[in-house]
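Structural overview for review
Now for the letters of each chain:
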Amino acid sequence: MIPREEELIYRSRWIVRIRWLVALAMGLGVLGFYVLDLPYKTVPLLVLSAAVVGYNILFAVAARWTLMKPVSLKRVYLFVNLQIAVDFLALLAWIHYSGGPLSPFLPFFIFHLIICGLLVSATSTMVHACWVLLALIIMGICETEGLLPHYSPLNSGVTEPIDSYRHLIAVGAVTGAMFLTVAVLVGGIARRLRRREQELDEARRSCEKNSQQIQRAHSQLEKVAAERNTFYRMVSHQLRSPLTSIQSMVRLITSGNVEEREQIRDLLTRADRQAQHMLAMINDLLSLTHLKAMNREEQRERLSVPQLIRDVAERLRSMAEEKEIRVELDIAASIPPVEGIHNRVEQLFSVLIENAIKYTPEEGEVAVSSFLDDGRVVVKVRDSGIGIPAGNTDKIFEEFYRAANARKYTRMGTGLGLSLARTIVEDLNGTIEVDSTPGEGSCFTVKIPAASGTSE
Ligand code: ADP
């Protein structure tokens, strides 16, 4: 339900409540006239007070039953206008029995017009002001012409026509001017108030929306900060262990406890290996942080996946030959280019092919295939290696994670390669999946969208 409807329903119930008080005031007024022996027609005025109570019961019931949700704005307006019109009729009757156009209660029309202006539109207020004024003029004419009895409070309640039109014209002109001025003023003020209310409501809603966005951004920032802290902790932890072992080896040498050349050489070789490991890790970390901070539009170009795969395979040939591993390439004839950064995409295939060779025992096999599938360039790197333990296939993409069998198989590894690969693939709007059987081998599948306008 829109707020304007809600507000009108609330106000239509509010006038029902106010009317109980008005009816009570009318009854007490009549009692006052009687006690003070004022020259007013107490019986018709008392009947009128009872009538106000009677129709207010009807309005109260109607407000409860007919304004049940959902309800249209038009219906609520109609209901409110009807109540206002009936109230004006009751007031006209009260005026008639208390002196007609000469009644001292005429200013009550102004109160009612103000309420009317606050409830309905400026136009409706003006319409109400006009018809009530017209009814008053007709009442005055009828009471002057003797068509309606004139109950004069000035003349001890004697029922006789108004003596001349002069009174009528004077009262009519003042009342009319008052009515129209009040209708215009109240209508204008109410319109401005409503506009302000609407503006306030809109401002409140946009504030709520903004605060929700800020809250979301804040929790995202908190998440990023927490992730960063974990990352720093892991980096420090990973770098500390090779550094501590280098330190202890150097101390052993400098302490003079190890004197044999062979032993010293062995210690230095181990320290060098650890330093290499650290360097590899630092290089991977630098690539990873650079990738994450990279502007996505930076130096993109159309890249030939077959060419990149051949280059990487060639570079890793000696590594494969050392272990007598056969690396087979099966690349479809026409593969469209992909859009990316040359060094990054090359790094992606490097990680996958190097891992395949690294985790495959001697004389094993590595097969790299590539083809086009549904507008995406697919690259599969399959090996006959140690495989990945069940339940580890998601974890291996996390930073520093190394499966237990891999750690046992070789100490050479940083646990950062696949994390790098995943970041590169995500940057290319692609996907990376792994399928593996421990002891039999693994197959990594990368899917990258072909460069626009090239996949047909
Ligand atoms: P690492 O430097 O240890 O190779 P990666 O991030 O490249 O780091 O790989 C993470 C882990 O995923 C590896 O330690 C290993 O447990 C597993 N893994 C990756 N590729 C293979 C593969 N071809 N065969 C078996 N295990 C693999």
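Below: a short report on this structure. (Residues numbered from 1 in each chain as written. Predicted model: local features only at pLDDT ≥ 70, side-chain atom pairs only at ≥ 80, totals over all residues. Heavy atoms only, no water.)

Another point: unusual backbone geometry. Positioned with a positive phi, E363 is a non-glycine residue whose angle comes to about 65 degrees. Tracing the sequence through the fold places E363 in the loop between α10 (342-358) and β6 (365-373). If you check the backbone angles, N429 has positive phi at about 60 degrees while not being a glycine. Residue position: N429 is located in the loop between α12 (417-427) and β8 (431-437). (Helix = DSSP H or I, 4+ residues; strand = E, 2+ residues; numbered from the N terminus.)

Let's shift gears to the site of the ligand. Surrounding the ligand, one finds 21 residues, the nearest of these being N355, Y359, R402, T414 and L418. In the environment of the ligand, an oxygen atom lies 2.6 Å from a nitrogen or oxygen atom belonging to the side chain of R402. Isolated, the ligand exposes 530 Å² of accessible area, and the fraction of that covered by the protein chains is 98%. Taking a 2 Å distance to the grid points as the criterion, the majority of the atoms of the ligand fall inside the largest pocket. It is α10 that provides the largest number of residues to the shell around the ligand, a total of three residues. Here the shell around the ligand is composed, by residue class, of eleven nonpolar, seven polar and three charged. (Near = heavy atom within 4 Å. Polar contact = N/O pair within 3.5 Å; in protein donor to acceptor, adjacent residues only side chain to side chain. Areas by Shrake-Rupley, 256 points an atom, 1.4 Å probe, with all protein chains shown as cover. 1 Å grid on protein atoms, 1.4 Å probe; cavity = no way out; pocket = protein on both sides within 12 Å on 5 of 7 lines; lining within 4 Å. Sits in = over half its atoms within 2 Å of the grid points. Nonpolar A, V, L, I, M, F, W, Y, C, P; charged D, E, K, R; others polar.)

Here the idea is plain: a probe the size of a water molecule rolls over the atoms and shows the empty space left. Scanning the entire structure with this criterion turns up one cavity of 30 Å³ or more. Along its surface, the largest cavity is lined by L291, R300, G340, I341, R344, V345, I424, D427 and L428. When residues of the lining of the largest cavity are traced back to their parent elements, those giving at least two are α10 and α12. Among the residues making up the lining of the largest cavity, the classes are represented as five nonpolar, one polar and three charged. (Points joined across faces, edges and corners; volume = space filled by probe spheres on them.)

Attention now moves to the layout of surface pockets. Approximately 820 Å³ is the volume attributed to the largest pocket. What lines the largest pocket is a set of 36 residues, and nearest its centre among them are N355, K358, Y359, G413 and G417. Those elements that provide at least two residues to the lining of the largest pocket are α7 (261-293), α10, α11 (404-409), α12 and β9 (441-449). At eight residues, α10 tops the list of elements feeding residues into the lining of the largest pocket. Counted by class, the lining of the largest pocket contains 18 nonpolar, 13 polar and five charged residues.

Before going further, it helps to examine the nonpolar core. Judged by nonpolar contacts, the single largest core of 54 residues is most densely connected at I309, L348, F349, L352, I353 and F444. Residue contributions to this core peak at eight residues, all from α10. Judged by nonpolar contacts, the second largest core, of 43 residues, contains L8, L45, A90 and I110. (Core = buried A, V, L, I, M, F, W, Y, C linked by side-chain atoms within 4.5 Å. Buried < 20%, exposed > 50% of the residue type's maximum accessible area, 1.4 Å probe, protein only.)

What follows deals with the pattern of salt bridges. Within this structure, the stated rule accounts for 13 salt bridges. Here R196 and E199 are joined by a salt bridge, their closest N and O atoms 3.6 Å apart. On the criterion of helical spacing, the pair formed by R196 and E199 is a turn pair, its members being three residues apart in helix α6 (residues 165-254). For R196, a relative accessible area of 51% puts it in the exposed group. By relative accessible area, which is 42% here, E199 ends up partly exposed. For the salt bridge of R326 with E365, the shortest nitrogen-to-oxygen distance reads 2.5 Å. Of the two residues, R326 sits in strand β4 (residues 326-331) while E365 sits in strand β6, which places them 39 residues apart along the sequence. (Salt bridge = Lys/Arg side-chain N within 4 Å of Asp/Glu carboxyl O.)

Before going further, it helps to spend a moment on the packing of aromatic side chains. Evaluation of the coordinates by the stated rule reveals 15 aromatic pairs. Ring geometry for F59 and F79: centres 5.9 Å apart, planes at 80 degrees, overall edge-to-face. Taken together, the positions of F59 in helix α2 (residues 42-66) and F79 in helix α3 (residues 73-97) put the pair 20 residues apart, joining distant regions of the chain. With respect to burial, F59 and F79 carry one shared label: buried. Note on F88 and W131: the rings are 6.1 Å apart at their centroids and 85 degrees apart in plane angle, and the pair reads as edge-to-face. Of this pair, F88 sits in helix α3 while W131 is found in helix α5 (residues 122-145), placing the two residues 43 residues apart along the sequence. Owing to a relative accessible area of 1%, F88 belongs among the buried residues under this scheme. (Phe/Tyr/Trp six-rings, centres within 6.5 Å; stacked < 30°, edge-to-face > 60°.)

Adjacent strands of a sheet form backbone hydrogen bonds with each other and so pair up, either parallel or antiparallel. Overall, mixed pairing links the five strands, which are arranged β4-β6-β7-β9-β8 in an open sheet. Edge positions in the sheet fall to β4 and β8, since each has one partner strand and no second. Mean inter-strand twist for the sheet, computed between neighbouring axes without regard to direction, equals 15 degrees. Bridging between β6 and strand β7 (residues 376-383) involves eight bridges; their strand directions are antiparallel. For S370, the partnering residue across the bridge sits in β7 and is V379. On top of the sheet, helix α8 (residues 305-315) reaches β4, β6 and β7; it is set at about 170 degrees to β4, its chief contact. Helix-sheet contacts for α12 involve β8 and β9, and the interaxial angle to β8 is about 140 degrees. (Pairing = 2+ DSSP bridges. Axes fitted to C-alpha atoms, helices over the stretch in contact; angles between N-to-C directions. Contact = heavy atoms within 4.5 Å.)

Attention now moves to the packing of α7 against α12. In a pair of packed helices, the angle between the axes and the distance between the axes together describe the arrangement. Where α7 contacts α12, the axes come no closer than 10 Å and their chain directions differ by 20 degrees. By the angle between their directions, the pair α7 and α12 is classed as roughly parallel. The handedness of the crossing between α7 and α12 is left-handed. Together, D284, S287, L288, L291 and K292 of α7 and G417, S419, L420, T423 and I424 of α12 make up the contact between the two elements. Along the lines of polarity and charge, the residues of the contact of α7 with α12 split into four nonpolar, four polar and two charged. (Parallel < 35°, antiparallel > 145°, perpendicular 65-115°, else oblique. Left-handed = near helix turned anticlockwise from the far one by under 90°.)

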